Amino acid sequence: MKRSMFFAAVIAVLCFSVNTSAQSKYEIKDAKKAAKILQKDGWKTDGGTRTIESCLIAYNQLAANNELVEGRSAGIKDNNTKVAQSLAKQNALREYVQMNNSFFEGVGNELEGKVGDETIDNITNAVKSKFEGSVEGKMKVSFVLFKTESNGTLSCIAYCYLSSAAAEAAKESARQQAMSEAVKDAESVKDFNASVNEIIEAGK
């Protein structure tokens, strides 16, 4: 029994190694292809000895535990790489928030029939805002590429990533905060309406 369990464990390890190796070969091939296209289009790394290909390979490997998103900026004057990178990262953040629109809308729809349409819209926007604020400090830049355009301005691509666990935690936190505030607002409206009705009844 112990020997059969041992052999099963060995086979599982070997299968995992084969799958990992196949996946690595695919990632390398994909990175090589993408790097050639980027280089041909004039993109370059920010100094150092790392090639676009090696940067892409390392970046793709982050996908196991992270959300990957790219951001871009263009039209940066005076070859200001810091501004170009900062704007590209901000663009990546907006892109990531946009990718999660269905989640924000779903949170608002949870209260459908319980609150007004205007309140649902407020909830959706509140969740989106809180989520964006939460992940902004957690999103990191793996590497950046720069390109000098024909008009002399600078363009940038920021390859960003965010821990999947941190993203899920940020979603749930934003959801709970927005729902809690919505409930408070709804209760305040009910209390206000009740007070108005009492005044009306008293004046009859």
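Now for a description of the structure that goes with this document. Just so it is clear, the model here is predicted, and its values are computed rather than measured.

## Looking at the overall build of the protein chain
Line of reasoning, step 1. Of the regular secondary structure elements, the protein chain holds six helices and four strands.
Line of reasoning, step 2. Ordered by position from the N terminus, the helices and strands of the protein chain form the series α-β-α-β-α-α-α-β-β-α.
Line of reasoning, step 3. When burial is assessed residue by residue, the protein chain has 28% of its 204 residues classed as buried.
Line of reasoning, step 4. Within the protein chain, counting contacts between residues at least 6 apart in sequence, those at least 24 apart form 64% of the total.
Line of reasoning, step 5. When the accessible surface of the protein chain is summed, it comes to about 13300 Å², and 53% of that surface belongs to carbon and sulfur atoms.

## With respect to the sheet that holds strand β1 (residues 44-45)
Remark on secondary structure: sheet strands pair via backbone hydrogen bonds, oriented parallel or antiparallel.
Line of reasoning, step 1. Strand order in the open sheet formed by four strands is β1-β3-β4-β2, with antiparallel pairing between adjacent strands. The open sheet has two edge strands with one neighbour each: β1 and β2 (66-76).
Line of reasoning, step 2. Judged from the nine bridges that link them, β2 and strand β4 (residues 154-163) form a sheet pairing that is antiparallel. Considered in β4, the bridge of Asn66 is made with Ser163.
Line of reasoning, step 3. Along the sheet, helix α3 (residues 81-99) makes contact with β2, β3 (140-148) and β4, crossing β2 at roughly 130 degrees.

## Observations regarding the packing of aromatic side chains
Line of reasoning, step 1. Under the defined criterion, the tally for this structure stands at four aromatic pairs.
Line of reasoning, step 2. When the centroid spacing of 5.4 Å and the interplanar angle of 80 degrees are considered together, the rings of Tyr59 and Tyr159 count as edge-to-face. Of this pair, Tyr59 sits in helix α2 (residues 52-60) while Tyr159 sits in strand β4; the two residues are 100 residues apart in sequence, bridging distant segments of the chain. Here the two residues Tyr59 and Tyr159 agree in accessibility, since each one is buried.
Line of reasoning, step 3. Each member of the aromatic cluster is reached from another via a ring pair, and the members are Tyr59, Phe143 and Tyr159.

## Quick notes on the pattern of salt bridges
Line of reasoning, step 1. With the rule as written, the count across this model stands at three salt bridges.
Line of reasoning, step 2. The salt bridge involving Lys147 is made with Asp41; its shortest N-O contact spans 3.4 Å. A residue pair is termed long-range when its members are at least 10 positions apart, and Lys147 in strand β3 and Asp41 in the loop between α1 (2-40) and β1 qualify at 106 residues.
Line of reasoning, step 3. Take Lys147: its relative accessible area is 14%, and that puts it in the buried class.
Line of reasoning, step 4. With a shortest N-O distance of 3.9 Å, Lys147 and Glu149 are connected by a salt bridge.
Line of reasoning, step 5. Judged by relative accessible area, Glu149 falls into the partly exposed class, the value being 25%.

About the cut-offs
Numbering of residues starts from 1 in each chain and follows the order in which that chain's sequence is written. Whole-chain, interface and lining totals are the exception, using all residues; otherwise, since this is a predicted model, local features are given only for residues with pLDDT of at least 70 and side-chain atom pairs are given and counted only at 80 or more. With hydrogens and water set aside, each side-chain value is computed from the structure's full complement of heavy atoms. Secondary structure counts use DSSP, requiring at least four H or I residues in a row for a helix and at least two E residues in a row for a strand, with both numbered from the N terminus. When a residue's accessible area, from a 1.4 Å probe over protein chains only, is under 20% of the maximum for its type it is buried; when over 50% it is exposed; and in between it is partly exposed. In this analysis, two residues are considered to be in contact whenever any of their non-hydrogen atoms come within 4.5 Å of each other. Computed with a 1.4 Å probe, the accessible areas rest on the Shrake-Rupley method; for each residue, only the protein chains presented here act as cover. DSSP calls a pair of strands paired once it identifies at least 2 bridges connecting them. Helix axes are fitted to C-alpha atoms over the stretch in contact, other axes to C-alpha atoms as well, and angles between N-to-C directions run from 0 to 180 degrees. A pair of aromatic rings is counted whenever rings of Phe, Tyr or Trp (Trp by its six-membered ring) have centres within 6.5 Å, and the orientation is called stacked for planes under 30 degrees apart, edge-to-face for over 60 and tilted otherwise. By definition, a salt bridge exists where a carboxyl oxygen of Asp or Glu is found within 4 Å of a side-chain nitrogen of Lys or Arg.

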